[in-house]
Amino acid sequence: MGDGAAGPDDLARVRADTRAIVDVLAAAPGAPIGCYEGWTVVELASHVGQIHRWVTGIVETRATSRPTSGYPTAPDPAEVPAWLVAGADALVAAFTAAGPGEQVWTISRHQRDVAFWRRRMVLETALHRWDAEVAAGRDATVDDTVAQAGVAETLDVYLAQRLDGTDVGGDGERVAFVPTHGAPATLVLRADGVDLVDGDEGADARVHGSALDLWLLLTCRRPLAGLDVVGDATAAALAVRAATLSPGPA
């Protein structure tokens, strides 16, 4: 997934993860979602269906600016399972019909093509499938390659980009996130945002963990405690606090 051009296997992931959410819906529709106060599995599933349809519209129309309309309205809870599956199928069909290099509006300031949305929807659906399964008390995991892409996206799109101008409270501290497999990346904490650099050279702190643990950490789904932090623990905690200041993948 490194180049963003998700292939057939990745589009199959969207369908499979969507159906896994539907399976949780059947078993535990009212289970609360830990990272979203007030949400149950039904609200989470409705949200996923709304996002799928919103992105389908962007891809199908080759939109070059943010849609002015809001997310599509979700149906009554009893209709959500079939509606969710239909939306995922339409999304995959839209991606199949569009070339990954076709230019469209995205939420990234660096990448403006269909490939961005293909990767974004793989990550969106996988993370919320994890949310649903955990809410239902099930063992949940995410493929390591997908989780690595999730860490990279969160650091770039949701932290370095969206925290620009935000009072992060940093003073040049460098905190590296080092996955068990894959390349590390470093956040440089400033008073008014963060910068993202490749590698971990010169890091004041290094946070080690599986790609999934790091993704969950950066999207406020798990605490820093329990991960291996080498170096300045205060700087590492400040970087994690910065993650809470940005609306991450939703």
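Residue numbers here run from 1 along each chain, matching the order of that chain's written sequence. Only residues with pLDDT of at least 70 get local features here, since the model is predicted, and only at 80 or more are side-chain atom pairs given and counted; chain-wide, interface and lining totals rely on the full set of residues. Only hydrogens and water are set aside; all other atoms, that is, all heavy atoms of the structure, feed into the side-chain values.

Trainee: What is the right way to look at helix α5 (residues 144-161) in this model?
Mentor: Since the α-helix packs 3.6 residues into each turn, any two residues three or four apart lie on the same face. By the criteria applied, helices consist of DSSP H or I runs no shorter than four residues and strands consist of E runs no shorter than two, each listed in order from the N terminus. Helix span, as expected, comes to 1.5 Å for every residue beyond the first. In a regular helix each residue adds 1.5 Å, so 18 residues correspond to 26 Å; α5 covers 24 Å between its end C-alpha atoms and thus fits that length. With respect to burial, α5 is a largely interior element, 13 of its 18 residues being buried. Polar contact is defined as a pair of N or O atoms within 3.5 Å, subject to the rule that within protein one atom must be able to donate a hydrogen and the other to accept it, and that residues adjacent in sequence are counted only when both atoms are side-chain atoms. The distance from a side-chain oxygen at the start of α5 to the backbone nitrogen of Thr145 is 2.9 Å, and the residue carrying that oxygen is Asp143. Exposed residues in this analysis have more than 50% of their type's maximum accessible area, buried residues have under 20%, and partly exposed residues fall in between, with area computed by a 1.4 Å probe over protein chains only.

Trainee: When you look at the state of the cysteines in this model, what are you seeing that I'm missing?
Mentor: Covalently bonding the sulfur atom of one cysteine to the sulfur atom of another cysteine gives a disulfide. Disulfides are defined as cysteine sulfur pairs within 2.5 Å. Here the structure, examined in full by the defined rule, presents 0 disulfides. With no disulfide partner, Cys35 has as its closest neighbouring cysteine sulfur the one in Cys220, 8.7 Å distant.

Trainee: Explain the packing of α5 against helix α6 (residues 211-218) to me, please; I cannot follow it from the model alone.
Mentor: Geometry of a packed helix pair, given as the angle between the helix axes and the separation of the axes. Think of each axis as a best-fit line through the C-alpha atoms, taken over the contacting stretch in the case of a helix, with angles from 0 to 180 degrees between the N-to-C directions. At their nearest, the axes of α5 and α6 sit 8 Å apart, and the two run at 30° to each other. One finds that α5 runs roughly parallel with respect to α6. For the pair α5 and α6, the sense of crossing is left-handed. For the pair α5 and α6, the contacting residues are Asp144, Val146, Ala147, Gln148, Gly150, Val151, Thr154, Leu155 and Leu159 in the first and Ala211, Leu212, Leu214, Trp215 and Leu218 in the second. Looking at side-chain class alone, the contact of α5 with α6 contains 10 nonpolar, 3 polar and 1 charged residues. Any angle from 65 to 115 degrees is called roughly perpendicular, while one under 35 is roughly parallel, one over 145 is roughly antiparallel, and all others are oblique. Crossing chirality is assigned from the near helix's rotation relative to the far helix, an anticlockwise turn below a right angle marking it left-handed and a clockwise turn marking it right-handed. Residues count as neighbours in contact if any of their non-hydrogen atoms are within 4.5 Å of one another. Here the nonpolar group is Ala, Val, Leu, Ile, Met, Phe, Trp, Tyr, Cys and Pro; Asp, Glu, Lys and Arg are the charged ones; every other residue, Gly included, is treated as polar.

Trainee: Can you help me understand the side chain of Glu153 in this one?
Mentor: Note that Glu153 resides in helix α5. Given the relative accessible area of 4%, Glu153 is considered buried. Those residues within four positions of Glu153 in sequence are excluded, and the remaining contacts are Arg120, Leu123, Tyr158 and Pro249.

Trainee: Even after reading the chapter, I still don't get the nonpolar core, so can you show me in this structure?
Mentor: Within soluble globular proteins, side chains that are nonpolar generally end up buried alongside one another. We call a set of buried residues a nonpolar core when its members are Ala, Val, Leu, Ile, Met, Phe, Trp, Tyr or Cys and they connect through side-chain atoms within 4.5 Å of each other. Val55, Phe95, Trp117, Val175, Phe177, Val207 and Trp215 are the most contacted members of the largest nonpolar core, which has 61 residues in total. With residues up to four places along the chain from it excluded, the contact list for Phe95 reads Leu11, Val55, Val59, Val114, Trp117, Arg118 and Met121. The next biggest cluster of nonpolar side chains, apart from the first, holds 17 residues, and it includes Leu25, Tyr36, Val42 and Val85.

Trainee: When you look at the side chain of Thr125 in this model, what are you seeing that I'm missing?
Mentor: Positionally, Thr125 belongs in helix α4 (residues 114-135). Note on Thr125: relative accessible area 0%, which makes it buried. Residues contacting Thr125, with those up to four places away along its chain left out, are Val14, Asp17, Thr18, Ile21 and His52.

Trainee: Teacher, can you tell me more about the sheet that holds strand β5 (residues 228-231) here?
Mentor: Strand pairing in a sheet takes place through backbone hydrogen bonds and is either antiparallel or parallel in direction. For two strands to be treated as a pair, DSSP must find at least two bridges joining them. Reading across the sheet, the 5 strands line up as β3-β2-β1-β4-β5 and stay open at both edges, with mixed pairing between neighbours. Two strands bound the open sheet, and with one partner strand each, they are β3 (193-198) and β5. Geometrically, the sheet is characterised by an average inter-axis angle of 20° between neighbouring strands, direction not taken into account. Running at roughly 155° to β3, α5 makes contact with β1 (174-179), β2 (185-190) and β3 of the sheet. Of the strands in this sheet, β1 and β4 (205-209) are in contact with α6, which crosses β1 at around 140°.

Trainee: When you look at the packing of helix α2 (residues 41-61) against helix α3 (residues 80-97) in this model, what are you seeing that I'm missing?
Mentor: Interhelical geometry of α2 versus α3 gives an angle of 25° and a closest axis separation of 9 Å. One way to sum up the angle between α2 and α3 is to call them roughly parallel. As for the relative orientation of α2 and α3, their crossing is left-handed in sense. Across the interface between the two elements, Ala45, Ser46, Val48, Gly49, Gln50, His52, Arg53, Val55, Thr56, Val59 and Glu60 from α2 touch Val80, Trp83, Leu84, Ala86, Gly87, Ala88, Ala90, Leu91, Ala94 and Phe95 from α3.

Trainee: Just to check I follow, could you spell out the confidence of the model for the chain for this structure?
Mentor: Scored between 0 and 100, pLDDT is the confidence that the predictor attaches to each residue. This prediction gives the chain a mean pLDDT of 94; 96% of its residues lie at or above 70. A low-confidence stretch, residues 2-6 stays under pLDDT 50, and its non-local contacts, those more than four residues away or across chains, total 9 contacts.

Trainee: Would you explain the packing of aromatic side chains in this entry?
Mentor: How two aromatic rings sit relative to each other is set out by the distance from centre to centre and by the angle between their planes. Two aromatic rings from Phe, Tyr or Trp, using only the six-membered ring of Trp, form a pair when their centres are within 6.5 Å; if the ring planes differ by under 30 degrees the pair is stacked, by over 60 it is edge-to-face, and anything between is tilted. Scanning the entire structure with this criterion turns up 6 aromatic pairs. An angle of 80° between the planes, with centres 5.3 Å apart, marks the rings of Phe116 and Trp117 as edge-to-face. Residue Phe116 is classed as buried on the basis of its relative accessible area, which comes to 1%. Among the aromatic residues, those joined into a cluster by ring pairs are Trp54, Tyr71, Trp105, Phe116 and Trp117.

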